[in-house]
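Chain by chain, the residues:
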Amino acid sequence: MDKYIINGGNRLYGEIDIQSAKNSVLPILAATVLTDERVTLENVPQITDVRNMLRILECLGCKTVLSGNDVQIDSSCAVSYEIPSTLAHELRSSVFLLGSVISRFHRAKIAYPGGCDIGLRPIDLHLKGLKRLGVRIDEHNGYITCECQRLKGNEIMLDCPSVGATENIMLAAVLAEGRTVIKNAAREPEIEDLQNFLNSVGANISGAGSGTIVIDGVSALGGGSYRPIPDRIEAGTYLIAAAMCGGRVTLNGANGEMLSSLLHKLYENGCKIAQKDDKITIQADSRPRSVKSVETQPYPGFPTDLQAQMTALCALSAGSSVITENLFETRFKFVPELRKMGADITVADRNAFVSGVPALRGATVVAQDLRGGAALVLAALAADGRSEILNISHIDRGYSAMEYKLRAVSADIVRVTV
Ligand code: UD1
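Notes on the structure in this doc start here. (Residues numbered from 1 in each chain as written. Predicted model: local features only at pLDDT ≥ 70, side-chain atom pairs only at ≥ 80, totals over all residues. Heavy atoms only, no water.)

Here's the deal with the sheet that holds strand 22 (residues 364-366)
Here is step 1: Spatially, four strands are ordered 22-23-1-24 in an open sheet, and the strand pairing comes out mixed. Bordering the open sheet on either side are strand 22 and strand 24 (412-417), each of which pairs with just one other strand. The mean angle between the axes of side-by-side strands here comes to 20°, regardless of whether they run parallel or antiparallel.
Here is step 2: As paired strands, strand 1 (residues 2-7) and strand 23 (residues 386-390) are joined by four bridges and run antiparallel to one another. Within the sheet, the bridge partner assigned to Ile5 lies in strand 23 and is Glu388. (Pairing = 2+ DSSP bridges. Helix = DSSP H or I, 4+ residues; strand = E, 2+ residues; numbered from the N terminus. Axes fitted to C-alpha atoms, helices over the stretch in contact; angles between N-to-C directions.)

A few points about the pairing of strand 13 (residues 212-216)
Consecutive residues of a regular strand have side chains that alternate between opposite faces of the sheet.
Here is step 1: Where strand 11 (residues 179-183) meets strand 13, five bridges bridge the pair, whose relative direction is antiparallel. Counted as the bridge partner of Thr180 is Ile215 from strand 13.
Here is step 2: Pairing analysis gives three bridges linking strand 12 (residues 204-206) to strand 13, with the strands arranged antiparallel. The partner of Ser206 across the bridge, within strand 13, is Val214.

Some thoughts on empty space enclosed by the protein
Over the atoms rolls a probe the size of a water molecule, and in doing so it shows where empty space is left.
Here is step 1: In this structure the tally under the stated criterion is three cavities of 30 Å³ or more.
Here is step 2: Computed from the structure, the largest cavity encloses a volume of approximately 40 Å³.
Here is step 3: Contributing to the lining of the largest cavity are Arg232, Met258, Leu259, Ser261, Tyr299, Pro300, Gly301 and Pro303. (1 Å grid on protein atoms, 1.4 Å probe; cavity = no way out; pocket = protein on both sides within 12 Å on 5 of 7 lines; lining within 4 Å. Points joined across faces, edges and corners; volume = space filled by probe spheres on them.)

Some details on the site of the ligand
Here is step 1: Taken together, 19 residues are adjacent to the ligand, and Leu125, Ser162, Val163, Asp305 and Leu327 come closest.
Here is step 2: Here an oxygen atom of the ligand and a backbone polar atom of Pro122 are 3.3 Å apart.
Here is step 3: Note that a nitrogen atom of the ligand is positioned 2.7 Å from one of the side-chain N or O atoms of Asp124.
Here is step 4: In the complex, the protein chains occlude 87% of the 740 Å² of accessible area that the ligand would expose alone.
Here is step 5: Taking a 2 Å distance to the grid points as the criterion, the majority of the atoms of the ligand fall inside the largest pocket.
Here is step 6: Sorting the residues of the shell around the ligand by element identifies helix 5 (124-132) and helix 6 (163-173) as the ones contributing at least two each.
Here is step 7: No other element matches the three residues that helix 5 contributes to the shell around the ligand.
Here is step 8: Class assignment of the residues belonging to the shell around the ligand gives a composition of seven nonpolar, six polar and six charged.
Here is step 9: Composition of the shell around the ligand by domain shows at least three residues from each of domain 1 (2-19 + 230-417) and domain 2 (22-226). (Near = heavy atom within 4 Å. Polar contact = N/O pair within 3.5 Å; in protein donor to acceptor, adjacent residues only side chain to side chain. Areas by Shrake-Rupley, 256 points an atom, 1.4 Å probe, with all protein chains shown as cover. Sits in = over half its atoms within 2 Å of the grid points. Nonpolar A, V, L, I, M, F, W, Y, C, P; charged D, E, K, R; others polar. Domains from an automatic or database assignment.)

A word on helix 1 (residues 22-31)
Since the α-helix turns once every 3.6 residues, residues separated by three or four places project in the same direction.
Here is step 1: Here helix 1 lies mainly inside the structure; nine of its 10 residues are buried.
Here is step 2: Within helix 1, the full set of buried residues consists of Lys22, Ser24, Val25, Leu26, Pro27, Ile28, Leu29, Ala30 and Ala31. (Buried < 20%, exposed > 50% of the residue type's maximum accessible area, 1.4 Å probe, protein only.)

With respect to the nonpolar core
Here is step 1: In this structure, Leu29, Leu97 and Leu198 are the most contacted members of the largest nonpolar core, which totals 73 residues.
Here is step 2: The contacts of Leu198, once residues within four sequence positions are left out, are Ala31, Leu34, Leu171, Val174, Ala203, Ile205 and Leu221.
Here is step 3: Grouped together as the second largest cluster of nonpolar side chains are 72 residues, Cys314, Val377, Val409 and Ile413 included. (Core = buried A, V, L, I, M, F, W, Y, C linked by side-chain atoms within 4.5 Å. Contact = heavy atoms within 4.5 Å.)

Focus: the sheet that holds strand 4 (residues 63-67)
Here is step 1: One open sheet holds the four strands; their spatial order is 4-5-3-14, and the pairing between them is mixed. The two strands at the open ends of the sheet, each matched to only one other strand, are strand 4 and strand 14 (224-226). Mean inter-strand twist for the sheet, computed between neighbouring axes without regard to direction, equals 20°.
Here is step 2: Bridge count between strand 3 (residues 39-41) and strand 14: three bridges; the pairing is parallel. Paired with Thr40 across the strands is Ser225, a residue of strand 14.
Here is step 3: Across the sheet, helix 7 (residues 189-200) is in contact with strand 3 and strand 14; its angle to strand 14 comes to roughly 160°.

A word on the packing of helix 8 (residues 232-245) against helix 12 (residues 370-382)
Here is step 1: Relative to each other, helix 8 and helix 12 sit at 25°, their axes nearing to 9 Å. Comparing the axis directions of helix 8 and helix 12 gives the class roughly parallel. You can see that helix 8 and helix 12 cross each other, and the crossing is right-handed. Of the residues in helix 12, those touching helix 8 at Ile233, Thr237, Ile240, Ala241, Met244 and Cys245 are Arg371, Ala374, Leu378, Ala379, Leu381 and Ala382.
Here is step 2: When grouped by side-chain class, the residues that make up the contact of helix 8 with helix 12 number 10 nonpolar, one polar and one charged. (Parallel < 35°, antiparallel > 145°, perpendicular 65-115°, else oblique. Left-handed = near helix turned anticlockwise from the far one by under 90°.)

Next up, the structure:
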């Protein structure tokens, strides 16, 4: 039950190192079940979601060793095909294990996955895709049980470009017999990263990053070391922090190309942004100008995972904005908390209508989910006075060492264990 205490108003100056992408690391960890050889992942974020995924792998019988920011996984001794329900409830990405566990054991059992409560988050497309590869699925008492003989490649058309379904099907298809083609696949960079990892250990996948992914089944995978891509959502969160607080912040180990939808909005806000190699520097000299509209879309559109942080920025900008959330139904739960800090925001259905105020004021607010919680931290950093952010276990799911990184750029933020 930790909380953050933040004294707002400091401008931010300095550098922040960006972690590997949570949304790459989690499916890649699930993928390690597919090989008997050792895999090392580098620059892995120390976040609860990763710790929970490692605990699940251990429950399956895999050996995991964390050394610094690297993690080594040895799945040669995996014996179990059941994902423990307590951990599945903690972690939505546990569902990726269906694809890899079925492939390895020809059976899998998992409780319905948990994760952030940001909408209905069905998994029908995951299950439909797996069925197309020959998996028999039974859903009873909150559990999904899967069985198959040999997985067989097939053509799969996704009704919508779901990130998780695309990744789950890729994982099931890697060692399947023959060719799998995923149409209307999600195009997020983390999917291309999963492809690159899998190909680095011997898979034969092409097309990730486009709407059509072709997976030619291979007989076995090997091992090796892999460094996942930088976390574009962590990077985007700190860019927005600088835009809200003012100052000059450089992100090390970031990728501007993957963030272009955000960078365009930050230009509109009046921020100056420079990119060189893997560094992005943002300079914000005056109060941000409002952006007219922000609409979340699948990649390369504006990411839903930066919507809450962007809404917090609009709340302080000069002018008004309309934010439309197209992906998840209940992703405005942070808005009543922001209003406690003086924000002028009205939510109607999938839209938030924001009238920027010249200043926010410190308040005690409660994080309701991962990204909404991050948005509250940003608002508190920019607000006048003292804020307490409660329930920060949500934030710990996706940001490693957030308070250390922010203190390194002059923010006044401490963690208190209640
Ligand atoms: C992933 C990301 C999450 C991000 C989201 C959208 C991970 C671990 N999580 O979540 O951070 O916010 O992509 O970029 O990578 N849908 C269905 N049926 C399904 C699956 C999804 O209808 O079987 C719908 C969802 O309700 C949602 C949309 O598809 O409206 C997108 O969801 P999806 O891309 O699957 O998100 P996740 O993989 O859960």
